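# Working through the structure, step by step
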Amino acid sequence: MKIRDIKTYIVPTIQASEVTYHWSGTKQFLLVKIETDEGIDGWGECYTLADRERGTAMHVEEMKSYLIGADPTRVKNFRNWVYNLFGERRAGIDLYCAASGIEIAMWDILGKKLDVPVYTLLGGPVHKKLKAYANIGPDGVKTPQQEVEMALELARANGYRAFKLYPFANDENEDQIVERIAKFREGLGNDYEIMIDVWRIPDARQALDVARRIEKYGITWYEEPIGPDNLDVLAQLKAGTTLPLVAGEAMFGKRWFNEVCKRNCVDYINPDVSVVGGIGEMVDIAAIAEANYIKVGPHNCNSSTVALNATVHAACVMPNLSAIETFPWHVEIGDRMCRNQLKVVDGFLTLPEGAGLGIEMNEAYLASLPYEPRPPKKWKDLQNI
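Bear in mind that the values here come from a model prediction, so they are computed numbers and not experimental data.

## Some details on helix α8 (residues 231-240)
Of the positions making up α8, those classed as buried are Leu231, Leu234, Leu237, Lys238 and Gly240. Tucked into the core, α8 has its buried residues touching α7 (204-213), β8 (245-247) and α9 (254-262). Between the side-chain oxygen of the N-cap and the backbone nitrogen of Asp232 there are 3.2 Å, and the N-cap of α8 in question is Asn230.

## Comments concerning the packing of helix α6 (residues 174-188) against α7
A pair of packed helices is characterised by two quantities: the angle between their axes and the separation of those axes. In contact at an axis separation of 10 Å, α6 and α7 are set at 35° when each is read in the N-to-C sense. As α6 runs across α7, the sense of the crossing is right-handed. Contact with α6, carried on its side by Glu174, Asp175, Ile177 and Val178, involves Gln206, Asp209, Val210 and Arg213 of α7 and no other residues of that element. Considering only residue class, the contact of α6 with α7 consists of three nonpolar, one polar and four charged.

## Focus: the sheet that holds strand β2 (residues 28-36)
On the basis of which strands lie adjacent, the open sheet formed by three strands has the order β1-β2-β3 and antiparallel pairing. Every interior strand has two partners, whereas the edge strands, β1 (3-12) and β3 (42-46), have only one. Strand after strand, the sheet turns through a mean of 25° between neighbouring axes, direction not considered. Two strands pair when backbone bridges link them, and β1 and β2 are joined in this way by nine bridges, in the antiparallel orientation.

## Quick word on the environment of Gly92
In this fold, Gly92 is placed in the loop between α2 (75-86) and α3 (93-114). With relative accessibility at 31%, the residue Gly92 sits in the partly exposed group. Spatially, the C-alpha atom of Gly92 lies 9.6 Å from that of Gly253, the residues being 161 residues apart in sequence.

## Considering the pairing of strand β4 (residues 129-135)
Of all seven residues in β4, five are buried, a share of seventy percent or more. Note: β4 against strand β11 (residues 324-326), three bridges, orientation parallel. Within β11, the position partnered with Tyr133 by the bridge is Glu325.

The rules behind each value
Residues numbered from 1 in each chain as written. Predicted model: local features only at pLDDT ≥ 70, side-chain atom pairs only at ≥ 80, totals over all residues. Heavy atoms only, no water. Buried < 20%, exposed > 50% of the residue type's maximum accessible area, 1.4 Å probe, protein only. Helix = DSSP H or I, 4+ residues; strand = E, 2+ residues; numbered from the N terminus. Contact = heavy atoms within 4.5 Å. Polar contact = N/O pair within 3.5 Å; in protein donor to acceptor, adjacent residues only side chain to side chain. Axes fitted to C-alpha atoms, helices over the stretch in contact; angles between N-to-C directions. Left-handed = near helix turned anticlockwise from the far one by under 90°. Nonpolar A, V, L, I, M, F, W, Y, C, P; charged D, E, K, R; others polar. Pairing = 2+ DSSP bridges.

Any functional reading would require information that these geometric values do not contain.
Right under this line is the structure:
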């Protein structure tokens, strides 16, 4: 079997003219399709950073010139090649996102060729049902009551028992941030989990001060209080609060995660299958975390189609799995992109059926969407610095 072609599709969540929100409305998905000379195709997905989607797609295109004619079932060989040869042992996050999409598509092909699900190739599932949590997002400044109503509606509709908030994303002071979290807990009650995504916004001191003030509200985890570039400070933050810390969505490759785990910086990691290098790298990272008594809560700010399926295949073989992130507002477009989208039922995701990733993409729909640049984001304005 040989690779015959590699295609990319950039898919907007909504049309550029309809964008009103500063975050999810500007999100675009990057899908990868590998075609082979045996007629078996594979689908992958790359994580996209806003304003850099075409750059990531260009990385796929540059790798394509080396991959035409290669055997797509040699997944591990591809991973070695990306890091050591193509990346020259100095790969960056955009390259790893591109490589993730290709690697996921290769697993899809291998599973289809052998007529087994990808998770069977990984040793079989540890979990047949996987707990999901809902990211209710920072789009638009919502009142705490609106956030509570949104969470309770998702609980009624899909059985969610855990929700992630962005209290630092509303340009509020420390007292307002703490009050927002307190009101959310009060409105939600004590039967639901709350995750706080700090999103690398405050400085380390403010992140720690807020963490200490909200310890009494039963927070499941405190995510990315600072960026991933200073593990010593991250370890100091962990020592300074009883809140479980999370890091990982901005990291790639098992070598970086190895340092995080060895230094005891966090209680959870949240790697993203479309960022870290793909399914194989994700499983390796989880094993490193398991050896260091750290749980895994996969990040998944991607489409609810290919990347979500890939996440479930990787996550179901992790003994140290916590919960998988899902974005309820991606479901509507997911139904247009995919004929058999995985959906949360009673708060859980179940294993995909069928060979490979077990997904049927609507390529005609993907091909019908011309690329449209997103409007500039006000929070990225150079004049705001």
